[in-house]
Amino acid sequence: MRWEADVPLAGLTRLAVGGATPRLARPDSPSSLREVVRGLEGIAFRVLGGGANTLVSDAGVGEPVLILEGEFDRLELSEEEMQAGAATPIPALVNAARHAGREGYVFLEAVPGTVGGALRMNAGSAETGLWDRVVWVTAMTPEGETVRVTSEEARPRYRGIGVPEEWVFLGGAFAAPPGDPGRIKDAHRERRRTKVETQVYELPSCGSTWKNPGGPYGAAWEIVERVGMRGARRGSAVITERHANFIVNLGGATAADILGLMVETRRRAYEELGVSLEPEIRLWGFTDDELRAVGAKA
Ligand SMILES: Cc1cc2nc3c(=O)[nH]c(=O)nc-3n(C[C@H](O)[C@H](O)[C@H](O)COP(=O)(O)OP(=O)(O)OC[C@H]3O[C@@H](n4cnc5c(N)ncnc54)[C@H](O)[C@@H]3O)c2cc1C
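Residues numbered from 1 in each chain as written. Predicted model: local features only at pLDDT ≥ 70, side-chain atom pairs only at ≥ 80, totals over all residues. Heavy atoms only, no water.

J.: It is not clear to me how the site of the ligand should be interpreted in this structure. Could you clarify?
T.: The ligand sits among 37 residues. The nearest are Val47, Gly49, Pro112, Thr114 and Lys195. Between the ligand and Gly124, the relevant distance is 2.7 Å, taken from a nitrogen atom to a main-chain nitrogen or oxygen of the residue. One nitrogen or oxygen atom from the side chain of Arg282 is found 3.3 Å from an oxygen atom belonging to the ligand. When the free accessible area of the ligand is taken as 990 Å², the share hidden by the protein chains comes to 96%. Put simply, the parts of the chain that give the shell around the ligand at least two residues each are strand 3 (46-48), helix 3 (115-121), strand 10 (168-175), strand 11 (205-208) and strand 15 (282-284). For the shell around the ligand, the leading source of residues is helix 3, giving 5 residues. For the shell around the ligand, the per-class residue count stands at 19 nonpolar, 12 polar and 6 charged. (Near = heavy atom within 4 Å. Polar contact = N/O pair within 3.5 Å; in protein donor to acceptor, adjacent residues only side chain to side chain. Areas by Shrake-Rupley, 256 points an atom, 1.4 Å probe, with all protein chains shown as cover. Helix = DSSP H or I, 4+ residues; strand = E, 2+ residues; numbered from the N terminus. Nonpolar A, V, L, I, M, F, W, Y, C, P; charged D, E, K, R; others polar.)

J.: I would appreciate a short explanation of the sheet that holds strand 11 in the present structure.
T.: Note on sheets: strands pair through backbone hydrogen bonds, and any given pair is parallel or antiparallel. Read from one edge to the other, the open sheet built from 4 strands follows the order 11-14-13-12, with strand pairing classed as antiparallel. Looking at which strands have only one partner, the edges of the open sheet turn out to be strand 11 and strand 12 (233-234). Bridging between strand 13 (residues 237-239) and strand 14 (residues 246-249) involves 3 bridges; their strand directions are antiparallel. Bridged to Ile239 within strand 14 is Ile247. Sheet strands touched by helix 7 (residues 255-273): strand 12, strand 13 and strand 14. Its angle to strand 13, the strand with the most contacts, is close to 30 degrees. (Pairing = 2+ DSSP bridges. Contact = heavy atoms within 4.5 Å. Axes fitted to C-alpha atoms, helices over the stretch in contact; angles between N-to-C directions.)

Keep in mind these numbers describe shape, not what the thing actually does.
Spelled out as structure tokens, the structure:
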């Protein structure tokens, strides 16, 4: 497997900011992935999907990065299920369900990224995550072993799972029973309309910056608004007026701009409301102090 050296990550993430990785590989089959992870001999690495939930620091990352492609981008429908590889775009999965009149994928409408990223994030709505549809998933351990994971074993929760961070998802089978095609199409259309109207699709972002914390102050966007950060700007990064949980890159923003907005929002939420916000987005390559300042695990 060929490694590319000093690869900038900005162009591989939706926010389009951040530095490089010292090396990047693109395994296109389970056997080439096994060769890569075994060749790393225990060195920590990172996996990037569509980059729709990842903020890379301006300094870049120290670890090698893997991007799955080739055989990992596949989708098959059977009578009651869809099987998808980890590199399959989430919209391809959702569109297949909509076109074939399959139940259960309205909640993922207009969510960008890949199936692998959606499994790691348990992506979805406030009530439903992708793991609610999992029949089984396969993952590769850093030792190169392939393991099967059921939803019960993954212990899914709101925007997270209990599967070790070092495991690479390869793909899986997702429940997709047939339903009423007309009703399903309408439900998808309505969900997409609401998302596009209330969220921001025309500028680079990672979607919701913070997880909804629960508690008396409502959703994360309401907290951001309450502490006066809606519309706040730093460099070319802005907390959008339309959705106060979205930070967008107006063009030329740095990761430091985005982090600065996050630090200020979190400080105010804690000092003014006693709320500890936790990032929904994944932060790569930041120092332990920077991670602590936004409530991410150092
Ligand atoms: C406009 C917009 C709207 C959005 N709406 C929603 C929404 O409604 N609901 C929601 O949940 N999210 C939403 N998001 C966030 C994002 O789309 C999801 O988190 C999505 O699942 C990210 O997938 P990705 O492949 O881009 O992940 P990446 O950003 O590439 O990676 C995210 C994490 O997953 C890990 N990962 C990626 N692939 C694998 C793999 N194969 N194996 C193991 N780990 C892997 C990465 O290491 C990283 O930790 C939105 C984003 C945008 C920009």
